[in-house]
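These are the residues of each chain, in order.
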Amino acid sequence: MNKQELAARIWESANNMRSKIEANEYKDYILGFIFYKFLSDKEENDLRKDGWDEETMKEYLVETDAATVKQCQDRYGYFIEYKNLFSTWLKMGSDFDVSNVRDALSAFNRLINENHKKVFEKIFETLDTGLSKLGDNSGAQTKAISKLIALIDPIPMDDKQGYDVLGFIYEYLISMFAANAGKKAGEFYTPHEVSLVMSQIVADHLKDRDKIEIYDPTSGSGSLLINIGQSVAKYLDDKDKVKYYAQELKENTYSLTRMNLVMRGIKPYNIVARNGDTLADDWPYFEENDKENTYEALFVDAVVSNPPYSQKWDPKEDARFSNYGIAPKAKADYAFLLHDLYHLKSDGIMTIVLPHGVLFRGGEEGNIRRNLIENDNIDAIIGLPANIFFGTGIPTIIMVLKKKRERSDVLIIDASKGFVKVGKNNKLRASDIKKIVDTVIKRENIDKYSRVVSKEEIR
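**Q** Whenever I open this one, the packing of aromatic side chains confuses me. Can you help?
**A** The relative placement of two aromatic rings is captured by the distance of their centres and the angle of their planes. Counted by the stated rule, this structure contains 17 aromatic pairs. On the numbers, 5.5 Å between centres and 65° between planes, the contact of Y36 with F124 is edge-to-face. In this pair, Y36 sits in helix α2 (residues 23-49) while F124 sits in the loop between α7 (117-120) and α8 (125-130), placing the two residues 88 residues apart along the sequence. For the residue pair Y36 and F124, the accessibility class agrees, reading buried in each case. Ring centres of W313 and F321 lie 5.6 Å apart, and the angle between their planes is 70°; on these two criteria the pair is classed as edge-to-face. Residue W313 is classed as buried on the basis of its relative accessible area, which comes to 10%. Among the aromatic side chains, those forming a connected cluster through ring pairs are F33, F35, Y36, F38, Y76, Y78, F86, W89, F96, F108, F120 and F124. Above the ring of Y342, the side-chain terminus of K403 is found at 5.6 Å from the ring centroid. K435 extends its terminal NZ or CZ atom over the ring of Y449, reaching a point 4.0 Å from the ring centre.

**Q** Could you clarify how one ought to interpret the pattern of salt bridges in this entry?
**A** It is possible for side chains bearing opposite charge to pair when their charged atoms get close. According to the stated counting rule, one finds 41 salt bridges in the structure shown. Between R75 and D50 there is a salt bridge, with the nearest N and O atoms lying 2.8 Å from each other. Of this pair, R75 sits in helix α4 (residues 66-76) while D50 sits in the loop between α2 and α3 (54-60), and the two are 25 residues apart along the sequence. With relative accessibility at 40%, the residue R75 sits in the partly exposed group. The partner of K207 in a salt bridge is D204, with the nearest N and O atoms 3.1 Å apart. K207 gets classed as partly exposed once you look at its relative accessible area, which sits at 34%. Residues joined by salt bridges that share partners form a network here, namely D379, K402, R405, R407, D409 and R443.

**Q** Help me out: how do you make sense of empty space enclosed by the protein in this one?
**A** To find the voids left in a structure, one rolls a probe of water-molecule size over its atoms. Applying the stated criterion to the full structure yields one cavity of 30 Å³ or more. Estimates place the volume of the largest cavity at around 40 Å³. Lining the largest cavity, in full, are D28, I123, T126, L127, N252, S255, L256 and M259. If you list the elements that add at least two residues to the lining of the largest cavity, you get α8 and α13 (251-263). Sort the elements by how many residues they give to the lining of the largest cavity and α13 lands first, with four residues. When its residues are assigned to classes, the lining of the largest cavity shows four nonpolar, three polar and one charged.

**Q** Please explain unusual backbone geometry as it appears in this structure.
**A** Negative phi characterises most residues that are not glycine, and trans characterises most peptide bonds. Backbone geometry places D376, a non-glycine residue, at a positive phi of 60°. For N387, which is not glycine, the phi dihedral falls at a positive 60°. Locating N387 in the fold gives a position in the loop between β6 (378-383) and β7 (396-401).

**Q** How should I be thinking about the sheet that holds β6 in this particular structure?
**A** Pairing is mixed in the open sheet, where nine strands are placed in the order β3-β2-β1-β4-β5-β7-β6-β8-β11. Looking along the sheet, the strands with just one partner apiece sit at the ends: β3 (271-275) and β11 (450-453). Strand-to-strand twist across the sheet, computed as the mean angle between neighbouring axes with direction ignored, equals 15°. Pairing of β6 with strand β8 (residues 410-414) involves four bridges; the strand directions are parallel.

**Q** Sorry if this is basic, but what is going on with the packing of helix α1 (residues 3-17) against helix α10 (residues 165-179) here?
**A** Axes are the key here: two packed helices are described by the angle between their axes and the distance separating the axes. Relative orientation of the contacting elements α1 and α10 amounts to 40°, with a least axis distance of 9 Å. Our classification of the angle between α1 and α10 gives oblique. Crossing hand, α1 versus α10: right-handed. Every residue of α10 that contacts α1 at K3, Q4, L6, A7, A8, I10 and W11 is listed here: V165, F168, I169, Y172, L173, M176 and F177. Of the residues in the contact of α1 with α10, the class split is twelve nonpolar, one polar and one charged.

**Q** I tried to follow the environment of G423 on my own but got confused; where do I start?
**A** Structurally, G423 is set in the loop between β9 (420-422) and β10 (425-427). For the pair G423 and A179, spaced 244 residues apart in sequence, the C-alpha separation works out to 9.7 Å.

**Q** Explanation requested: helix α6 (residues 98-110) in the structure shown.
**A** Because each turn of an α-helix spans 3.6 residues, side chains separated by three or four positions end up pointing in the same direction. Compared with an ideal rise of 1.5 Å per residue, which puts 13 residues at 18 Å, α6 spans 19 Å between its outermost C-alpha atoms and is within 8% of the ideal. In this structure, the buried side of α6 is in contact with α2, α5 (86-92), α7, α8 and α9 (138-152).

**Q** Whenever I open this one, the nonpolar core confuses me. Can you help?
**A** Ranked by internal contacts, the top residues of the largest apolar core, which has 110 residues, are I30, F33, I34, F35, L39, F124 and I382. The dominant element in this core, judged by the number of residues it contributes, is α2, at twelve residues. Aside from chain neighbours lying at most four places away, what touches F124 is G32, F35, Y36, L39, L105, F108 and M259. Counting residues in hydrophobic clusters, the runner-up holds 33 residues, among them L298, Y334, F336 and I378.

**Q** Explain helix α12 (residues 223-233) to me, please; I cannot follow it from the model alone.
**A** Among the eleven residues that make up α12, ten are buried, leaving the element largely enclosed by the rest of the structure. The complete set of buried residues in α12 reads S223, L224, L225, I226, N227, I228, G229, S231, V232 and A233. Buried positions along α12 lie against α10, α11 (192-206), β1 (212-216), β2 (242-248), α13 and β4 (300-305).

Here is what the cut-offs are and how they apply
- Residue positions are given per chain, counting from 1 as you read along its sequence in written order.
- pLDDT decides what is reported in this predicted model: residues at 70 or higher carry local features, side-chain atom pairs at 80 or more are listed and counted, and totals for whole chains, interfaces and linings draw on all residues regardless.
- Side-chain descriptors were evaluated using all non-hydrogen atoms of the structure, hydrogens and water having been removed beforehand.
- Two aromatic rings from Phe, Tyr or Trp, using only the six-membered ring of Trp, form a pair when their centres are within 6.5 Å; if the ring planes differ by under 30 degrees the pair is stacked, by over 60 it is edge-to-face, and anything between is tilted.
- Each helix is a run of H or I in the DSSP string that is no shorter than four residues. Each strand is a run of E no shorter than two, and both are numbered from the N terminus.
- Accessibility here uses a 1.4 Å probe with only protein chains present; expressed as a share of the type maximum, an area under 20% marks a residue as buried, one over 50% as exposed, and anything in between as partly exposed.
- As a reminder, the over-ring test applies to NZ of lysine and CZ of arginine, requiring each to be within 6 Å of the ring centre and within 35 degrees of the ring normal.
- Think of a salt bridge as a Lys or Arg side-chain nitrogen and an Asp or Glu carboxyl oxygen that are within 4 Å of each other.
- A cavity here means a set of 1 Å grid points, computed over protein atoms only, where a 1.4 Å probe fits but cannot escape. A pocket is an open set with protein on both sides within 12 Å along at least 5 of 7 lines, and lining residues have an atom within 4 Å of a point.
- Grid points are joined across faces, edges and corners, and a volume is the space filled by probe spheres set on the points.
- Under the convention adopted here, Pro, Cys and the residues Ala, Val, Leu, Ile, Met, Phe, Trp and Tyr are nonpolar, Asp, Glu, Lys and Arg are charged, and Gly plus all remaining residues are polar.
- At least two DSSP bridges between two strands are needed for those strands to be called paired.
- Here the axes come from fitting lines to C-alpha atoms, over the contacting stretch only for helices, and the angles between their N-to-C directions go from 0 to 180 degrees.
- For this classification, under 35 degrees means roughly parallel, over 145 means roughly antiparallel, 65 to 115 means roughly perpendicular, and everything else is oblique.
- By the definition used in this description, the sense in which the near helix is turned from the far one sets the handedness, with an anticlockwise turn below a right angle giving left-handed and a clockwise turn giving right-handed.
- The contact criterion used throughout is that any non-hydrogen atoms of two residues lie within 4.5 Å.
- An expected span of 1.5 Å times one less than the residue number is assigned to each helix.
- For our purposes a nonpolar core is just a set of buried Ala, Val, Leu, Ile, Met, Phe, Trp, Tyr and Cys residues, chained together by side-chain atoms within 4.5 Å.

Honestly, it's all geometry; don't read function into it.
Put into structure tokens, the structure is as follows:
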């Protein structure tokens, strides 16, 4: 069975098993179990490579063996006891019970390496609190979980196949849950094709750097950040030279971000994640109990984001918006854009997905737009097909901006006609993605498709 067939089979079974639970909610349970299996298998497989057999693990892979606990915590950032391994659950057969999962998740949170708490702490909280929704009593919950862990057991958790099966299946499941989650999908998923457009544009700009820092202030499931990282890593001699910063408001989605980053083989020391309100609390990566003395402003090589469209917010003046203006309280689109721009290094690049209205709405948004043009920040505007995002049919754009540019013109692309219809949605094809990216990189004028427009004409 190839990865597409395996992913489709898991999705079909999972969708049937979720019964009356909303797709948006059920995704947190199955993806949480997949992540637990990933962490558990990683620890177990490495120990087996080191010569540990079943009996050795039963004896020494226990919480009371301080040396083994420390060895695993130093190596992985966490420790999972033998009795709590995913494989042990499967071996238990009819003796398995929902309480085994509760005990395991509690132990996991207790035994995280102190240096990696920001990556792993409370990462299973949504799964833990949601177990009770999988059945009316412990027997029903045990039965539902047994089916779930048997369903995901065939997923390979390493890259022996030479490609990322786990990553493919995880991304596939997220996209399918998004397709079935209606309006809630936009909270956690950027369509893969849109993500590829953004990542290839960013990668081309950063291709000559030795190490790269990237940031997504509305990170969702983390897929956009991961695609950017994979694209820029192709130009580096070591993929561990990419550092990932992620901020997400919703706790369950914040956990998805961290899970996704860890499962793609990104080292815990390269993941800096924060659960918070991007607009209310600027990035300062602070310790909650000492904000004043631990503030650390963040400036990165690339910022990528797909923020919630036209969201209400509480406007305030701070360094992010000075020289540009403050977005109206009914529409935070330009607040997110200016936040992203502020956090760029002077030679950095950002790509952001926004509703079409940011191009022509007046008032304060018109003033901000004028200031962005006069400061030569807008590099390119790419009009996307309508109905390309799950949960909304409105037309959207990708805007490419830089803090410092040598030119003052703007490349405008109308890519709204290039797509294929898949179900209810429109989807960019590989040829559409290539045409957009090539046009941005070459800054080409193409009849009825793209034009480089001078600042004078825009004025």
